[in-house]
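Observations on the model geometry
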Amino acid sequence: MDDPILTIDERVAINSGRWFSSLSPSLRHDILRCAYVKRYKDGDLIAARGDPPEEWIACATGAVRVSSTSISGKQVTLTYVEPGIWFGDVAIFDGDRRTHDAYAHGSTTTLCVARGDLRKILSLHVELYEALLRLHARRIRQLFGLVEDLNTLPLRARLAKQLLHLVRSYGVPSLANGSDIRISLQLAQEELAQLLGASRQRVNQELKAMEREEAIRIEPGGLVVRNRQTLMRISEADADK
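It should be emphasised that the depicted structure is a prediction, and the values quoted were computed from it without experimental measurement.

What to know about the UniProt feature "domain: Cyclic nucleotide-binding" (unreviewed entry) in the protein chain
With numbering matched to this structure, UniProt assigns "domain: Cyclic nucleotide-binding" (unreviewed entry) to residues 19-139. As a span, residues 19-139 carries 32% helix and 38% strand, and end to end its C-alpha atoms are 12 Å apart.

Right, dumping it as structure tokens:
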């Protein structure tokens, strides 16, 4: 059953998001005032491909796995939406149906704004138009960067860059060693391989090589980054080849 109130940690995650925190206090207040909370268990469907765009959504805790299904029935993960990130606005603007599936990855809380309420907020705050343009521009830059990496970098470099991104988004200090950083997002190697457009076997080989170089440590519960500088050197050295 949905809990209508965000916890303190969930509210902090929303308010500290880089994009949302850049909005004026009055705009943030109006968005939060009309938003409602939804809570999901791991694997629950949040939005389906083909659905009409009824909500603008932010991840408050957990993660949202955005995926698509190929003609052969294979599911491909495109990205994971981290806490503090808003999504779903593109379909609201162009009026088309949603193009991807969104699932809860772990226990996940979302904050939602109905399409009609978003339209009202836009009519009251012209600032939001420019802010959303900045958000979309950032997404386009990231998309172009991913396409460029996919076509120019070897898997080893792309994997190192992906691990660095996961550390920035989901890194927490390791209890065993404070200098190590655990990636709190629980990803199976198959899921990590999907993000990179590679096979699980090849990703496993590269992870073991990085472990031998003491850049990471592979544990049953996930990955621990031991040396970010080494990962940076791997991505930069391989990018120059």
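Regarding the layout of surface pockets
In this model, the second largest pocket occupies a volume close to 210 Å³. Considering the residues around the second largest pocket, the lining is formed by 15 residues, among which Leu187, Ala188, Gln189, Gly222 and Leu223 are closest to the centre. Mapped by element, the contributors of at least two residues to the lining of the second largest pocket are α7 (189-196), β9 (216-219) and β10 (222-225). Across the lining of the second largest pocket, the residue classes break down as ten nonpolar, four polar and one charged.

Observations concerning the pairing of strand β6 (residues 101-114)
Burial within β6 is extensive, with eleven of its 14 residues counted as buried. Two elements, strand β1 (residues 36-40) and β6, share five bridges in a ladder whose sense is antiparallel. Considered in β6, the bridge of arginine 39 is made with threonine 109. Inspection of the sheet shows strand β2 (residues 45-47) paired to β6 by two bridges, in the antiparallel sense.

Some remarks on the packing of aromatic side chains
For the coordinates displayed, the defined rule picks out three aromatic pairs. A ring pair is formed by tryptophan 19 and tryptophan 56, whose centres lie 6.0 Å apart and whose planes are at 85 degrees; its orientation type is edge-to-face. Pair noted here: tryptophan 19 is in the loop between α1 (8-15) and α2 (25-34) and tryptophan 56 is in strand β3 (residues 55-69), with a separation of 37 residues, a long-range link. There is no split in this pair, since tryptophan 19 and tryptophan 56 are both buried. Ring pairs connect the aromatic residues Trp19, Phe20, Trp56 and Trp86, which therefore count as one cluster.

Observations concerning the nonpolar core
Formed by 28 residues in total, the largest nonpolar core has its most connected members in Leu163, Ile183, Leu192, Met210, Ile216 and Leu231. For this core, the leading source of residues is helix α6 (residues 155-170), giving eight residues. Once residues lying within four places of it in the same chain are set aside, the contact partners of isoleucine 216 are Leu163, Leu207, Met210, Glu211, Leu223, Val224, Val225, Arg226 and Leu231. By size, the runner-up hydrophobic cluster in this structure holds 24 residues, among which are Trp19, Val37, Val113 and Ala131.

Re helix α5 (residues 127-152)
Its 26 residues give α5 an end-to-end C-alpha distance of 38 Å, which sits within 8% of 38 Å, the value for a rise of 1.5 Å per residue. Looking only at α5, the buried set comprises Leu128, Ala131, Leu132, Leu135 and Asp149. Turning to α5, the residues buried within the fold contact α2, β3, α3 (89-94), α4 (115-124) and α6.

Notes on the environment of alanine 35
The residue alanine 35 is located in the loop between α2 and β1 in this model. Among the residues examined, alanine 35 registers a relative accessible area of 18% and is labelled buried. In sequence terms alanine 35 and alanine 58 are 23 residues apart; their C-alpha atoms lie 9.8 Å from each other. For alanine 35, the contacting residues outside a window of four places in its chain are Leu111, Cys112 and Val113.

Procedures and definitions
Residues numbered from 1 in each chain as written. Predicted model: local features only at pLDDT ≥ 70, side-chain atom pairs only at ≥ 80, totals over all residues. Heavy atoms only, no water. UniProt positions renumbered as here; feature names shortened; annotations may be inferred. Helix = DSSP H or I, 4+ residues; strand = E, 2+ residues; numbered from the N terminus. 1 Å grid on protein atoms, 1.4 Å probe; cavity = no way out; pocket = protein on both sides within 12 Å on 5 of 7 lines; lining within 4 Å. Points joined across faces, edges and corners; volume = space filled by probe spheres on them. Nonpolar A, V, L, I, M, F, W, Y, C, P; charged D, E, K, R; others polar. Buried < 20%, exposed > 50% of the residue type's maximum accessible area, 1.4 Å probe, protein only. Pairing = 2+ DSSP bridges. Phe/Tyr/Trp six-rings, centres within 6.5 Å; stacked < 30°, edge-to-face > 60°. Core = buried A, V, L, I, M, F, W, Y, C linked by side-chain atoms within 4.5 Å. Contact = heavy atoms within 4.5 Å. Expected span 1.5 Å × (residues − 1).

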